[in-house]
Amino acid sequence: MDSFLIEGGLPLNGEVTISGSKNAVLPILAATLLTSETCIIRRVPDLSDVGFMLKILQSLGAEVTQDGSTLTIRAANISGRGDYELIRKMRGSICILGPLLARLKEAVVSLPGGCVIGTRPIDLHLKGLRGLGAQVEVEAGYVRVHASRLEGQMIFLGGRVGPTVLGTANLMMAATLASGITVIESAACEPEVVDLAGLLIAMGAKVRGAGTPTITIVGVDRLHGADYAVIPDRIEAGTFLLAAAITRSHLRISPVIPEHLGAVITKLEEAGCTIQHDGIGLTVKADRITAVDLRTQPFPGFPTDLQAPFMSLLATAQGTSVITENIFENRLQHVAELQRMGAAIRMQGNTAFVEGVSRLSGAPVQGSDLRASAAMVLAGLAADGITTVQGLEFLDRGYADFEGKLNAVGASIRR
Ligand code: EPU
């Protein structure tokens, strides 16, 4: 298994290019199943999760060709039964359910399991599809959905901790080809949902309100092909802002859409960073970092996906920060690893009290999920001595050429 060897303590300086968004591109790739015509998807990040999703589309019968970061996908003849092993491996694959149901009126997909950050149920996805009139059966590790016709409805999709991002995506895609009007209440407002709506509209769907808690979809008979570019990855961008902050350095990152990073920019500024927007990119300068408190929330609140990387930064701040994880019940496993590097963190339920220390020290550590692995790399960049990070199979799912981008601005990371 690969690991990183990081020599800590080096300042960063220069420019970083941000790739297309992982969490936008996965449902966007699934949406190409809604039409038999050709879709061209641009700014696709080079990630193992994207590779998985393409294998899933191919296993359903889609033709895929790739030219750099541009994909051409044609799902002319597809089946509604996905490969059990492929789908089980990646939670994001659940978003093929909505488009398959809409296009073929039936789908059989293996249930994605829980994962290390929480149990991750799909009850809200299924509630949404049932709301359109689908029959749903969960049996022997599979979920089977079918319907003679799908009919638009008002569907409240809020769950125990608020909206669901991929659940909203699934229902929105299924509703594009339903008859009548679907209104999704308590829809997720994340930029990735807005990006998916952008593609669906380019394919001829009638979608209004994406980015607000109420999304209205007027069903159409068919969708056509489209040519569409994915938004820049706000979580990757946030991770590089944090890389500059934790090394007390100066970086420019682009392209970014600053409105997607409002809560993150605000918290970094509160912590003492200077951040400037020049129309395409953000320049971040960090010198002295002081403690800030944060709570993860659905967008536009502070994103759960940056909670672990932000904790690495606050482990080096002056003062004590209070960090509360509200979205996933088990997303604080990086705490124990940061403690191995000398971080002073006390836990109480889903809250971490992080007392900043003047130096972290290099140690062998393990990333338990994608964002925890990124958090470990950031801590390694700032630590004295050598840090080895295991868990790169998670990191590679969501960061395109992470070490290459960091090394190009002065880091020393060897795989
Ligand atoms: N939930 C339910 N029932 C459902 C669906 C979700 O109770 O049917 C709960 C979840 O257990 C969680 C909360 O609702 O407590 C929010 O989960 P959500 O459905 O929004 O998460 P997701 O759509 O499965 C996406 C991203 C995650 C990101 C979350 C939250 C993708 C592929 N994944 O997951 O990204 O953390 O939204 O913003 O888009 C990551 O990139 O590292 C990552 C985990």
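Each remark here, short or long, concerns the structure printed above.
Residues numbered from 1 in each chain as written. Predicted model: local features only at pLDDT ≥ 70, side-chain atom pairs only at ≥ 80, totals over all residues. Heavy atoms only, no water.

> Sorry, what's going on with the environment of Val193 here?
Tracing the backbone shows Val193 in helix α7 (residues 191–202). Once the C-alpha coordinates of Val193 and Gln390 are considered, the two residues, 197 residues apart in sequence, prove to be 32 Å apart. (Helix = DSSP H or I, 4+ residues; strand = E, 2+ residues; numbered from the N terminus.)

> What is the right way to look at the side chain of His125 in this model?
Positionally, His125 belongs in helix α5 (residues 123–131). Polar contacts involving the side chain of His125 include one to the main-chain amide nitrogen of Gly167, which spans 3.5 Å. Once residues within four sequence positions are removed from consideration, His125 is found in contact with Arg91, Ile94, Thr164, Leu166, Gly167 and Asn170. (Polar contact = N/O pair within 3.5 Å; in protein donor to acceptor, adjacent residues only side chain to side chain. Contact = heavy atoms within 4.5 Å.)

> So what exactly am I meant to see when it comes to the state of the cysteines here?
In protein structure, a disulfide is the covalent linkage between the sulfur atoms of two cysteines. Counted according to the given criterion, the structure contains zero disulfides. Cys189 carries a free sulfur, and the closest cysteine sulfur to it, the one in Cys95, is 18 Å from it. Note on Cys189: relative accessible area 15%, which makes it buried. (Disulfide = S-S within 2.5 Å. Buried < 20%, exposed > 50% of the residue type's maximum accessible area, 1.4 Å probe, protein only.)

> Explanation requested: the site of the ligand in the structure shown.
Lining the immediate surroundings of the ligand are 24 residues, of which Asp123, Leu124, Thr164, Asp305 and Ile327 lie closest. Asn23 is positioned with one of its side-chain polar atoms (N or O) 3.1 Å from an oxygen atom of the ligand. Leu166 is positioned such that a nitrogen or oxygen atom in its backbone is 2.8 Å from an oxygen atom of the ligand. If the ligand stood free it would expose 830 Å²; the protein chains cover 93% of that surface. Listing elements by their share of the shell around the ligand, those giving two or more residues are α1 (22–31), α5, α6 (165–176) and α12 (370–382). (Near = heavy atom within 4 Å. Areas by Shrake-Rupley, 256 points an atom, 1.4 Å probe, with all protein chains shown as cover.)

> So what exactly am I meant to see when it comes to the pattern of salt bridges here?
For the structure shown, the criterion picks out 19 salt bridges. Salt-bridge contacts for Glu37 lead to Arg222; the nearest nitrogen and oxygen are separated by 2.7 Å. Placement of Glu37 in the loop between α1 and β3 (38–42) and of Arg222 in the loop between β12 (214–218) and β13 (227–229) is noted, with a sequence separation of 185 residues between them. The class of Glu37 is partly exposed, set by a relative accessible area of 31%. The salt bridge partner of Glu270 is Lys267, with a shortest N-O separation of 3.6 Å. Residue Glu270 and its partner Lys267 are both found in helix α9 (residues 262–270); the two are separated by three residues, about one turn of the helix. A cluster of three or more residues bridged by salt bridges with shared partners is formed by Asp2, Asp396, Glu403 and Arg415. (Salt bridge = Lys/Arg side-chain N within 4 Å of Asp/Glu carboxyl O.)

> Sorry if this is basic, but what is going on with the sheet that holds strand β19 (residues 344–348) here?
Consider a sheet: its strands pair through backbone hydrogen bonds, and that pairing is either parallel or antiparallel. With mixed pairing, the four strands of this open sheet are ordered in space as β17-β18-β20-β19. Where the open sheet ends on each side, the last strands, each with one partner, are β17 (294–295) and β19. Direction of pairing for strand β18 (residues 320–324) relative to strand β20 (residues 351–355): antiparallel, over a ladder of five bridges. Its bridge partner being in β20, Thr324 is matched across the sheet by Thr351. In the packing of helix α10 (residues 307–314) onto the sheet, the strands contacted are β17, β18, β19 and β20, and the crossing angle to β18 comes to about 170°. (Pairing = 2+ DSSP bridges. Axes fitted to C-alpha atoms, helices over the stretch in contact; angles between N-to-C directions.)

> So what exactly am I meant to see when it comes to the nonpolar core here?
For soluble globular proteins, nonpolar side chains are generally found buried alongside one another. By size, the foremost hydrophobic cluster in this structure holds 78 residues, and its most contacted members are Leu29, Ile96, Met172 and Leu200. The element contributing the most residues to this core is α1, with seven residues. Not counting residues within four places of it along the chain, the set of residues in contact with Ile96 comprises Ala30, Leu33, Met53, Ile56, Leu60, Ile87, Val109 and Asn170. (Core = buried A, V, L, I, M, F, W, Y, C linked by side-chain atoms within 4.5 Å.)

> Help me understand unusual backbone geometry, please; the structure alone is not making it clear to me.
Cis peptide bonds are those with omega within 30 degrees of zero, and the linkage from Ser254 to Pro255 qualifies with -10°. Of note, Pro255 is situated in the loop between β14 (250–254) and α9. Of the consecutive residues Phe299 and Pro300, the connecting peptide bond is found in the cis state with omega at 10°. Phi at Lys105 is positive, roughly 70°, even though this residue is not glycine. Among the secondary structure elements, Lys105 is positioned in the loop between α4 (97–104) and β6 (106–110).

> Before we go on, may I ask you to explain the packing of aromatic side chains in this structure?
In this description, a pair of aromatic rings is defined by centroid distance and the angle of the planes. Under the defined criterion, the tally for this structure stands at three aromatic pairs. Both rings, one in Phe240 and one in Phe402, keep their centres 5.6 Å apart while their planes meet at 70°; by these two values the pair is edge-to-face. Placement of the pair is Phe240 in helix α8 (residues 234–246) and Phe402 in helix α14 (residues 402–408), with a sequence separation of 162 residues. On the basis of relative accessible area, Phe402 is assigned to the buried category, the value being 1%. Among the aromatic residues, ring-to-ring pairing joins Phe240, Tyr399 and Phe402 into one connected group. We note Arg81 situated over the ring of Tyr142; from NZ or CZ to the ring centre the distance is 5.8 Å. In this arrangement the basic side chain of Arg346 is found over the ring face of Phe353, its NZ or CZ atom lying 4.8 Å from the centre. (Phe/Tyr/Trp six-rings, centres within 6.5 Å; stacked < 30°, edge-to-face > 60°. Lys NZ or Arg CZ within 6 Å of the ring centre and 35° of its normal.)

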